[in-house]
Amino acid sequence: RLFKHEDIEAISELIVEGFCEDPRNEYQLRNIERKYILLKTTAESQLRGFLNKGDMYTVDNCNGIVIGYNSRKIDFDGFIKILTAISNELMKVITEEELQIIISNSKMLGEVDNPLWFKEIDEEYYHLMVIAVDKQIRGGGVFRELISPLLKECDIKKIPILLETHNKSNVDIYKHFGFDIVKEFTNEQIEFRQYCMIREPQSNFESHGLTFSCGKY
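Residues numbered from 1 in each chain as written. Predicted model: local features only at pLDDT ≥ 70, side-chain atom pairs only at ≥ 80, totals over all residues. Heavy atoms only, no water.

Side-chain positions along a regular strand alternate between the two faces of the sheet. A large share of strand β6 (residues 192-199) lies buried, amounting to 7 of its 8 residues. Strand direction decides the pairing type here: strand β4 (residues 161-165) and β6, joined by 5 bridges, are antiparallel. Residue Leu 162 lies in a different strand from β6, and its bridge partner there is Ile 198. Sheet analysis places strand β5 (residues 180-187) next to β6, joined by 7 bridges and oriented antiparallel. Looking across to β6, one finds that Asn 187 is bridged to Phe 192. (Buried < 20%, exposed > 50% of the residue type's maximum accessible area, 1.4 Å probe, protein only. Helix = DSSP H or I, 4+ residues; strand = E, 2+ residues; numbered from the N terminus. Pairing = 2+ DSSP bridges.)

Here's what the structure looks like:
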């Protein structure tokens, strides 16, 4: 179902739980005691920023969320504006000391952390930003339930889906659903890597073990 404003609290908690151990967040927020508060603020700002602008779908019990947008609905400049608004919200709660720590950590990441890697793509695309499932029910089909309608829609429209992840364990999951790595950013000194993946539209809607007629398995 469509994400609603009243879902913000529950879904922000889900996002924090799912991404607190993400390699990017772990590195960028290392040595910060209020990591949870900063992640929660970022998640809430992200949900408000994309509400009624991007696509956000959840399941009835808010145990999963998918967030993304079509480049024809939110162009690159619009995407930057939303990111700026999220940063502005974070600046309201962050301390000067925390800010300096994050700046220092981010400098170490350098160009390896590249959320704008797709900026040169001119064709229509779908950017899959977040997909998260409650840890307690992972492996139960919720991920497939969330992503299957998106794959079907993009196949019908014949547009690619883009995503980036910093978690190597996610790569095989995305490959199972038809995504391929098209670019990697690496920094061997800190063992940090960004995987940029694209799923080209497919004519066979039942590929990769998916059955789209019912949207789940």
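On to helix α6 (residues 142-157), then. Taking 1.5 Å per residue, 16 residues should reach 22 Å; α6 reaches 24 Å between its end C-alpha atoms and fits that length. If you check which residues of α6 are buried, you get Val 142, Phe 143, Arg 144, Leu 146, Ile 147, Ser 148, Leu 150, Leu 151, Cys 154 and Asp 155. On its buried face, α6 is in contact with β1 (55-58), β2 (64-70), β3 (126-133), β4, α7 (168-176) and β6. Two residues or fewer after α6 comes Lys 158, characterised by a positive phi angle close to 60°. (Expected span 1.5 Å × (residues − 1). Contact = heavy atoms within 4.5 Å.)

Next up on the list: helix α5 (residues 96-109). The terminal C-alpha atoms of α5, which comprises 14 residues, lie 20 Å apart, in line with the 20 Å expected from a rise of 1.5 Å per residue. Taken as a whole, α5 has its buried residues at Glu 98, Leu 99, Ile 102, Asn 105 and Leu 109. All buried residues of α5 project into a common sector of 130° when viewed along the axis, lining one side. Counted as exposed and oriented over 90 degrees from the buried face of α5: Glu 96, Glu 97 and Lys 107. Where α5 is buried, its residues touch α2 (23-28), α3 (35-50), α4 (76-91), β5 and β6. (Arc of directions from axis to C-beta.)

Right, let's talk about the packing of helix α1 (residues 8-19) against α3 for a bit. At their nearest, the axes of α1 and α3 sit 9 Å apart, and the two run at 125° to each other. Classed by the angle they form, the pair α1 and α3 counts as oblique. The interaxial crossing formed by α1 with α3 has right-handed handedness. Contacts between α1 and α3 pair Ile 8, Glu 9, Ile 11, Ser 12, Glu 13, Ile 15 and Val 16 from the former with Tyr 36, Leu 39, Lys 40, Ala 43, Glu 44, Gln 46, Leu 47 and Arg 48 from the latter. (Axes fitted to C-alpha atoms, helices over the stretch in contact; angles between N-to-C directions. Parallel < 35°, antiparallel > 145°, perpendicular 65-115°, else oblique. Left-handed = near helix turned anticlockwise from the far one by under 90°.)

Let us now look at the sheet that holds β4. Strand order in this open sheet of 6 strands is β1-β2-β3-β4-β6-β5, and the pairing throughout is mixed. Edge strands, defined here as strands with exactly one partner in the open sheet, are β1 and β5. Across this sheet, the average inter-strand angle for adjacent strands is 20°, counted without regard to direction.

For the structure on display, the rule yields 9 aromatic pairs. Pairing Phe 118 with Tyr 125 gives two aromatic rings, centres 5.7 Å apart and planes at 65°, and the pair type is edge-to-face. Neither residue differs from the other here; Phe 118 and Tyr 125 are each classed as buried. Each ring, one from Tyr 174 and one from Phe 179, has its centre 5.8 Å from the other, and the planes form 70°; the classification is edge-to-face. Summarising the burial analysis for this pair, Tyr 174 and Phe 179 share the class buried. Across the ring face of Tyr 27, the terminal group of Arg 30 is positioned such that the distance to the ring centre comes to 4.3 Å. (Phe/Tyr/Trp six-rings, centres within 6.5 Å; stacked < 30°, edge-to-face > 60°. Lys NZ or Arg CZ within 6 Å of the ring centre and 35° of its normal.)

On to the environment of Leu 83. For Leu 83, the position within the fold is in helix α4. Sequence-wise, Leu 83 and Arg 72 are 11 residues apart; in three dimensions their C-alpha atoms are separated by 17 Å.

Remember, this is a structural readout, not a statement about activity or role.
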